[in-house]
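The chain contents come next:
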Amino acid sequence: MAAATPPLQGKIAIVTGAGSGIGRAAALRLAAAGAHVGLLGRDVSSLQAVSRVIEQAGARATVAQADVTDRAAVDAAVAEIAKLGPPTLLINNAGAGRSAPFDRMTVDDWNAMLAVNLTGVFHVTQAVLPHLLAAGGGRIVNVASAAGLKGYPYIAAYAAAKHGVVGLTRALAVELAGRNITVNAVCPGYVDTPMTQATLKNIVQKTGRDMNAAREMIESFSPQKRLFDPDEVAATIVYLCSPDAHGINGQAIAICGGELAV
Ligand code: NAP
């Protein structure tokens, strides 16, 4: 029997925040599924490192630097990737978390969380959408969070931004359904990435717990009592980009081991 063609062969994908964590894992999996992956982020050296891993595995990647809060930089990076052909898969993954009790949160903290986590998704989606429309369809997957579906203490701005991403996902899914585009969100619980390592250090610093106790504390949010692997989030992202997932649209898929079982 001839080897099966990879499901995303010939597709061009864009992954924001592709230099680490979930974005890196998604880029590697998209490339393994046959896509040429545009790696977008601020730190070029980490994007180049991911690109090297993809190319060593015989797949293709292109690095494009942009801060997702800077519309002109996003437009230029997307135009650079689109020279390869129209991108039809977009993974809006770039994000950042900052915690503070609400009464001590400054308006700068608030604006910074909305800018990167919500307005960044707006910028990149607006820059990429004309290519999906011109190509006759595509897939958008937004990396929201369990904090886009429920509240947690001390992250009001992050949670508000991620709830906004879920709302944007649902609205765009309906608006673009007739254009052969699906828009979905993945909503992970705590994932073992540099962002969570920073959260753990912050808990140690603020509470005096040791690292193991801090880790147990955040593991206890999930009924599975564990952190999630970036690769299991990436697997869901790639599935949502696959032909088999065409009927899944406007969904916010929780990946948190039952924390959001309702
Ligand atoms: P991470 O390893 O810190 O990755 C975040 C990525 O976003 C980095 O590659 C960073 O790269 C990029 N980024 C940050 N600000 C950016 C900006 N202004 N412009 C462009 N890129 C930017 O953390 P992660 O856990 O993989 O996070 C990925 C996504 O998952 C985020 O949206 C996060 O909110 C979400 N999430 C994470 C968890 C978790 O527990 N870790 C849970 C739920 C959801 P540069 O610094 O190079 O720009």
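Our subject is the structure that appears above.
The rules behind these values
- Residues numbered from 1 in each chain as written.
- Predicted model: local features only at pLDDT ≥ 70, side-chain atom pairs only at ≥ 80, totals over all residues.
- Heavy atoms only, no water.
- Helix = DSSP H or I, 4+ residues; strand = E, 2+ residues; numbered from the N terminus.
- Contact = heavy atoms within 4.5 Å.
- Buried < 20%, exposed > 50% of the residue type's maximum accessible area, 1.4 Å probe, protein only.
- Right-handed = clockwise from strand over helix to strand, strands pointing away.
- Pairing = 2+ DSSP bridges.
- Expected span 1.5 Å × (residues − 1).
- Near = heavy atom within 4 Å.
- Polar contact = N/O pair within 3.5 Å; in protein donor to acceptor, adjacent residues only side chain to side chain.
- Areas by Shrake-Rupley, 256 points an atom, 1.4 Å probe, with all protein chains shown as cover.
- Axes fitted to C-alpha atoms, helices over the stretch in contact; angles between N-to-C directions.

## Some details on the environment of Met217
Item 1. Relative to the elements of secondary structure, Met217 occurs in helix α7 (residues 211-219).
Item 2. For the pair Met217 and Leu200, spaced 17 residues apart in sequence, the C-alpha separation works out to 9.4 Å.
Item 3. Met217 has contacts with Ile203 and Arg209, leaving out every residue within four places of it along the chain.

## Comments concerning the pairing of strand β6 (residues 181-188)
The two faces of the sheet receive side chains in turn, since in a regular strand these alternate between them.
Item 1. The buried fraction of β6 is high, at eight of eight residues.
Item 2. Viewed along the sheet, the connection from strand β5 (residues 138-143) through helix α5 (residues 156-176) into β6 turns out right-handed.
Item 3. Taken together, the four bridges between β6 and strand β7 (residues 252-255) define a ladder with parallel strand orientation. Residue pairing across strands places Cys187 opposite Ala254, the latter belonging to β7.

## Quick notes on helix α2 (residues 44-56)
Item 1. The end-to-end C-alpha distance of α2, which contains 13 residues, comes to 18 Å, matching closely the 18 Å that a straight helix rising 1.5 Å per residue would cover.
Item 2. Tucked inside the fold, the buried residues of α2 contact α1 (21-32), β2 (36-41) and β3 (61-65).
Item 3. Backbone geometry just downstream of α2 places Gly58 in the positive-phi region, at approximately 85 degrees.

## Considering the environment of Asn212
Item 1. For Asn212, the position within the fold is in helix α7.
Item 2. Measuring from C-alpha to C-alpha, the distance between Asn212 and Ala134 comes to 51 Å, with 78 residues separating the pair along the chain.

## A closer look at unusual backbone geometry
Item 1. Here the phi dihedral of Tyr154 falls at roughly 70 degrees; this positive angle occurs in a residue that is not glycine.
Item 2. In this fold, Tyr154 is placed in the loop between β5 and α5.

## Overview of the site of the ligand
Item 1. In the vicinity of the ligand there are 27 residues, among which Arg42, Asn93, Tyr158, Val191 and Thr193 approach most closely.
Item 2. Note that an oxygen atom of the ligand is positioned 3.3 Å from one of the backbone N or O atoms of Gly17.
Item 3. Between Thr193 and the ligand, the recorded distance is 2.6 Å, taken from a side-chain N or O atom to an oxygen atom.
Item 4. Taking 880 Å² as the accessible area of the ligand by itself, protein coverage stands at 91%.
Item 5. Those elements that provide at least two residues to the shell around the ligand are α1, α5 and α6 (194-207).
Item 6. No other element matches the three residues that α6 contributes to the shell around the ligand.

## Considering the sheet that holds β3
Item 1. Here we have seven strands laid out as an open sheet, ordered β3-β2-β1-β4-β5-β6-β7, and parallel in their pairing. With partners counted over all chains shown, the strands left at the sheet margins are β3 and β7, one partner each. The mean angle between the axes of side-by-side strands here comes to 20 degrees, regardless of whether they run parallel or antiparallel.
Item 2. Sheet topology places β2 next to β3; five bridges connect them, and they run parallel. Paired with Val37 across the strands is Ala61, a residue of β3.
Item 3. Sheet strands touched by helix α3 (residues 71-82): β1 (12-16), β2 and β3. Its angle to β3, the strand with the most contacts, is close to 160 degrees.
Item 4. With respect to the sheet, helix α8 (residues 230-241) is in contact with β4 (89-92), β5, β6 and β7, its orientation differing from that of β6 by roughly 170 degrees.

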